[in-house]
Amino acid sequence: MKKVFNPASVRRPFGNYNHGLLVPPGASMLVTSGQLGIGIDDRIPADVTGQAELCFKAIGAILEGAGMGFADVIRIGGFVTTREDFPAYMAVRDRYVQNPAPVSTLLIVGGFTRSEFLVEVEVTAAKVM
């Protein structure tokens with residue numbers, strides 16, 4: 001059971017996340033590499049929404065392979081290339097977030113390994129096995 005930490009002395013979270021989560025002893029932890037918005041067929045959607053969907057679907061497959069699901073995600077790191085992409089990314093992200101909401105960081109970056117990539121997402125998950 002994860003314990004949520006949102007102290008009254010810290011401003012409330014801006015969105016669907018928590019400031020801190022404590023994972024109990026004995027939990028298995030999974031850390032993913034950043035997933036890009038590219039399909040198994042090497043196709044890259046032109047928009048952030050399509051790319052973010054592919055990122056989260058890839059993460060879902062990785063979680064499933066480890067015997068986990070999005071309920072086990074304790075941290076999301078998101079990266080987008082423009083501030084304008086923030087709402088579209090968050091709309092996709094929030095469809096995958098489960099309670100208790102994970103801790104989360106979103107950064108605006110100068111770019112990725114290929115210019116057509118607009119978003120990258122990595123997660124950390126923990127589950128008592």
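Residues numbered from 1 in each chain as written. Predicted model: local features only at pLDDT ≥ 70, side-chain atom pairs only at ≥ 80, totals over all residues. Heavy atoms only, no water.

Enquirer: What is the right way to look at the nonpolar core in this model?
Expert: The tendency in soluble globular proteins is for nonpolar side chains to be buried as a group. Of all hydrophobic cores here, the largest spans 23 residues; its most connected members are Phe56, Leu63, Ile76, Tyr89 and Val121. Breaking this core down by element, the ones donating at least two residues are helix H1 (48–65), strand E5 (73–80), helix H2 (86–96) and strand E7 (119–128). Ranked by residue count, the leading element in this core is H1, at six residues. When neighbours within four sequence positions are excluded, Ile76 is seen to be in contact with Phe56, Tyr89, Arg93, Val97, Pro102, Val103, Ser104, Thr105, Val121, Glu122 and Val123. (Core = buried A, V, L, I, M, F, W, Y, C linked by side-chain atoms within 4.5 Å. Buried < 20%, exposed > 50% of the residue type's maximum accessible area, 1.4 Å probe, protein only. Helix = DSSP H or I, 4+ residues; strand = E, 2+ residues; numbered from the N terminus. Contact = heavy atoms within 4.5 Å.)

Enquirer: Hey, could you run me through the layout of surface pockets in this one?
Expert: Gaps between atoms show up when a probe of the same size as a water molecule is rolled over them. The computed volume of the largest pocket comes to approximately 200 Å³. For the largest pocket, the full set of lining residues is Phe14, Gly15, Tyr17, Phe86, Tyr89, Met90, Arg93, Ser104, Thr105 and Leu106. Put simply, the parts of the chain that give the lining of the largest pocket at least two residues each are H2 and strand E6 (103–108). Looking at the lining of the largest pocket, the element that brings in the most residues is H2, giving four residues. When its residues are assigned to classes, the lining of the largest pocket shows six nonpolar, three polar and one charged. (1 Å grid on protein atoms, 1.4 Å probe; cavity = no way out; pocket = protein on both sides within 12 Å on 5 of 7 lines; lining within 4 Å. Points joined across faces, edges and corners; volume = space filled by probe spheres on them. Nonpolar A, V, L, I, M, F, W, Y, C, P; charged D, E, K, R; others polar.)

Enquirer: Whenever I open this one, the side chain of Glu53 confuses me. Can you help?
Expert: Counting through the fold element by element, Glu53 comes out in helix H1. For Glu53, a relative accessible area of 17% puts it in the buried group. Discounting chain neighbours no more than four positions away, the residues touching Glu53 are Val92, Arg95 and Tyr96.

Enquirer: Please clarify how empty space enclosed by the protein should be interpreted in this entry.
Expert: A full pass over the atoms with the stated rule returns one cavity of 30 Å³ or more. Put simply, the largest cavity is a space of about 50 Å³. Of the residues assigned to the lining of the largest cavity, the class counts are eight nonpolar, one polar and no charged.

Enquirer: Which parts of the structure should I look at to understand the packing of aromatic side chains?
Expert: The geometry of an aromatic ring pair is captured by two quantities: the separation of the ring centres and the angle between the planes. Per the counting criterion, the structure on display carries four aromatic pairs. Measuring from ring centre to ring centre gives 6.3 Å for Phe56 and Phe70, while their planes differ by 45°; the resulting arrangement is tilted. Residue Phe56 is found in helix H1, and its partner Phe70 is found in the loop between H1 and E5; the two are separated by 14 residues along the sequence. Just as Phe56 is buried, Phe70 falls in that class too. Relative to Tyr96, the ring of Phe56 lies with its centre 5.0 Å away and its plane at 15°, an arrangement referred to as stacked. Taken as a pair, Phe56 in helix H1 and Tyr96 in helix H2 lie far apart in primary sequence, 40 residues in all. Summarising the burial analysis for this pair, Phe56 and Tyr96 share the class buried. Cluster of aromatic residues (ring-pair linked, three or more members): Phe56, Phe70, Tyr89 and Tyr96. Geometry around Phe14 places Arg11 over its ring, the cationic atom sitting 4.1 Å from the centre. (Phe/Tyr/Trp six-rings, centres within 6.5 Å; stacked < 30°, edge-to-face > 60°. Lys NZ or Arg CZ within 6 Å of the ring centre and 35° of its normal.)

Everything listed here is a matter of geometry and, on its own, says nothing about what the molecule does.
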